[in-house]
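The primary structure of each chain is shown beneath.
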Amino acid sequence: MSKSEQVYETVVQGILKGEWKPGDKLPSVRCMGSRLGVHRLTVLKAYQRLQEDKWIEVRTKSGFYVCEKSKETKKRDIESSIYKDDSILYQMSRALIAPDLLPNRHLSSDVKQLLDLEPRLLGTYSSTAGDLQLRESLADYLLKTSGFSVSADELLITSGAQQAIDLAARAFVKPGDHVLIERPTYGPAIDAFQEQNATLHPVDFTENGYDMNQVEHLMRTHQPVLFYINPTFHNPTGFTLSACQRKELVELAEQYMCLLLEDDVCHDIYFDAPPPPPCFFYDTEGVVVYIRSFSKYISPGLRISVMMARGDRIAKVLRIKVMTDNGSPLFNQVVFRHIFFTDRMQGHIAKLRLAMQLRKACMEQQLEGSGLTWISPKGGLNLWAKLPSGWDADMLIRHSLKASVSFLPGAICDPWDSSTPYIRLSYSYLNEKQLAEGMKLLLQAGKMLQS
């Protein structure tokens, strides 16, 4: 890295960490040169590049200033690069299963057969709650596999788990309400509750689960209306909450009248043994709204998730969904119903578990000796890795994107948007050869930060 690049990175790092806030004046070229031990022309070259990249601006006869909202703008640029740039060769930011692992050929054949059987399917709307046959089939399936005793009327089909989270936030949270949310957590869930102008209270989520004393203190002190949880193969950490803590959490929710919004998108992607029953299993008072998604490992394009809840809670969400889309696409639901409950599809899921376990092992092998540390998850799609001293996630993503490698900086998963030494690496989207290549490039980018 040249001296000019070092100055550039020092200033960017200072902006990202809040040393210089939007609108602040930067040290003069001469002062910055003296501070960093470089020639003032080196600083000027770095400042000019920072200006081109819209980190800073020049004010005539005044000096260099941090652009307004530069940090937020750059963060959105990075997120856009991570999530939307399909030209990136080594996608380790997307918690998606590689398309070539999905049953696309069988799905194509089934869709053709289905259209022959139901030629008018594309010309028909679904009910707002979702296809009745699908809801009845899911109720039977969940009783057999998870021990849930639910009726079709207690189920709502949504277009993916993210829509379910958004609907729940809009149905149950009002401006000013207090909401508990895990730290770290799924980034779009943070956005959903912030859109409702809720006051968020982060609850630390570690390999040992929650500090239940902290949870009870927050519930007693703030009387939150909702606690958003992802206790099974948690996104981003991969950790799983114990059965004991799940029971205790449901009891606290009942005691303090706090709704638990349980997000369960990778329930079937376990490696050695199935996870504990969801919190919904232990709920006898109707304090849990449960979201089970099938999108990631059946067909992301179908966007099938199901929300289940007791009492009048589904009715509240239905009123919001009427205004959103008046019902998820019927075609997608019928295709899913046609394929999901077959022996062939259940066999596919079992094979998928093995493929994910092998890819996780490949990523972990590449990380050995790198200085990064992690706790191996027992299921799911992600590794939550802690960077070694001297590595910075914001700088690392900038360098790795240049090498066509992406990952998810931990700050995106933080309700407080604070700097964190963690990154999320998804092993689900690349094959083992690609994972090995991508990890080598990522680790090379990290070593450049130390040079």
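The structure this text deals with has already been given above.
Cut-offs used in this document
- Residues numbered from 1 in each chain as written.
- Predicted model: local features only at pLDDT ≥ 70, side-chain atom pairs only at ≥ 80, totals over all residues.
- Heavy atoms only, no water.
- Axes fitted to C-alpha atoms, helices over the stretch in contact; angles between N-to-C directions.
- Helix = DSSP H or I, 4+ residues; strand = E, 2+ residues; numbered from the N terminus.
- Parallel < 35°, antiparallel > 145°, perpendicular 65-115°, else oblique.
- Left-handed = near helix turned anticlockwise from the far one by under 90°.
- Contact = heavy atoms within 4.5 Å.
- Nonpolar A, V, L, I, M, F, W, Y, C, P; charged D, E, K, R; others polar.
- Pairing = 2+ DSSP bridges.
- Buried < 20%, exposed > 50% of the residue type's maximum accessible area, 1.4 Å probe, protein only.
- Salt bridge = Lys/Arg side-chain N within 4 Å of Asp/Glu carboxyl O.
- Expected span 1.5 Å × (residues − 1).

Peer 1: Pulling in residues and values, what's your account of the packing of helix H9 (residues 212–222) against helix H10 (residues 243–256)?
Peer 2: Between H9 and H10, the shortest axis-to-axis distance is 10 Å and the interhelical angle comes to 15°. Between H9 and H10, the angle is such that the two are roughly parallel. H9 and H10 meet at a crossing whose hand is right-handed. Note on element contacts: H10 touches H9 through Gln-245, Glu-248, Leu-249, Leu-252, Ala-253, Gln-255 and Tyr-256, opposite Met-212, Val-215, Glu-216, Met-219 and Arg-220. Here the residues of the contact of H9 with H10 sort into seven nonpolar, two polar and three charged.

Peer 1: Please provide a residue-by-residue account of the sheet that holds strand E12 (residues 382–386), values included.
Peer 2: Read across the sheet, four strands follow the order E11-E12-E15-E14 without closing on themselves; strand pairing throughout is antiparallel. A strand with exactly one partner marks an edge of an open sheet, and here the two such strands are strand E11 (373–374) and strand E14 (408–409). Both E14 and strand E15 (residues 422–426) contribute to a ladder of two bridges, which runs antiparallel. Residue pairing for E15: Pro-409 is matched across the bridge by Ile-423. Sheet strands touched by helix H14 (residues 343–367): E11, E12 and E15. Its angle to E12, the strand with the most contacts, is close to 15°.

Peer 1: Lay out the pairing of strand E4 (residues 155–159) in plain terms, naming residues and giving numbers.
Peer 2: Successive side chains on a regular strand alternate, one facing one side of the sheet and the next facing the other. The buried fraction of E4 amounts to four of the five residues, a majority that puts the element mostly inside the structure. Summarising the sheet, E4 and strand E10 (residues 304–308) pair through five bridges and their orientation is antiparallel. Each bridged residue has a counterpart across the sheet, and for Ile-157 the counterpart in E10 is Val-306.

Peer 1: Give a detailed account of the pattern of salt bridges, specifying residues and quantitative values.
Peer 2: The full count for this structure, using the stated rule, is ten salt bridges. When the shortest N-O distance is used, the salt bridge between Arg-183 and Asp-414 registers 3.0 Å. One end of the pair, Arg-183, is in strand E5 (residues 178–183); the other, Asp-414, is in the loop between E14 and E15, with 231 residues separating them in the sequence. For Arg-183, a relative accessible area of 21% puts it in the partly exposed group.

Peer 1: So what's going on with the pairing of E12? Which residues, and what values?
Peer 2: Counting buried positions over the five residues of E12 gives four, a clear majority of the element. Here two bridges tie E11 to E12, and the two strands are oriented antiparallel to one another. Of the residues in E12, the one forming a bridge with Trp-374 is Ala-385. Of the pairings in the sheet, the one linking E12 to E15 comprises five bridges and is antiparallel in character. The partner of Asn-382 across the bridge, within E15, is Ser-426.

Peer 1: Give a description of unusual backbone geometry that names residues and reports values.
Peer 2: Residue Pro-184 follows Arg-183 across a cis peptide bond; omega there is 0°. Mapping Pro-184 onto the fold places it in the loop between E5 and helix H8 (187–195). For the bond running from Asn-235 to Pro-236, omega is 20°, close enough to zero to count as cis. Looking at the element boundaries, Pro-236 is found in the loop between strand E7 (226–229) and H10. Phi is positive for Arg-303, close to 55°, though the residue is something other than glycine. Its relative accessible area of 36% is what places Arg-303 among the partly exposed residues. Of note, the phi angle at Asn-326 is positive, near 60°, even though the residue is not glycine.

Peer 1: An account of helix H7 (residues 161–172) is requested, with residue identities and associated values reported.
Peer 2: Given 3.6 residues per helical turn, the α-helix brings residues three or four places apart onto the same face. Helix length check: H7, at twelve residues, gives a terminal C-alpha distance of 16 Å against a target of 16 Å (1.5 Å per residue), a fit within 8%. Inspection of H7 places Ala-161, Gln-163, Ala-164, Ile-165, Leu-167, Ala-168, Ala-169 and Phe-172 among the buried residues, and these make up the whole buried set.

Peer 1: Residue-level account of the environment of Ala-168, with values.
Peer 2: On the secondary structure map, Ala-168 appears in helix H7. Accessibility expressed as a relative area gives 0% for Ala-168, which makes it buried. Once the C-alpha coordinates of Ala-168 and Asn-326 are considered, the two residues, 158 residues apart in sequence, prove to be 16 Å apart. Every residue in contact with Ala-168, bar those within four places of it in the chain, is listed here: Val-173, Leu-261 and Met-307.

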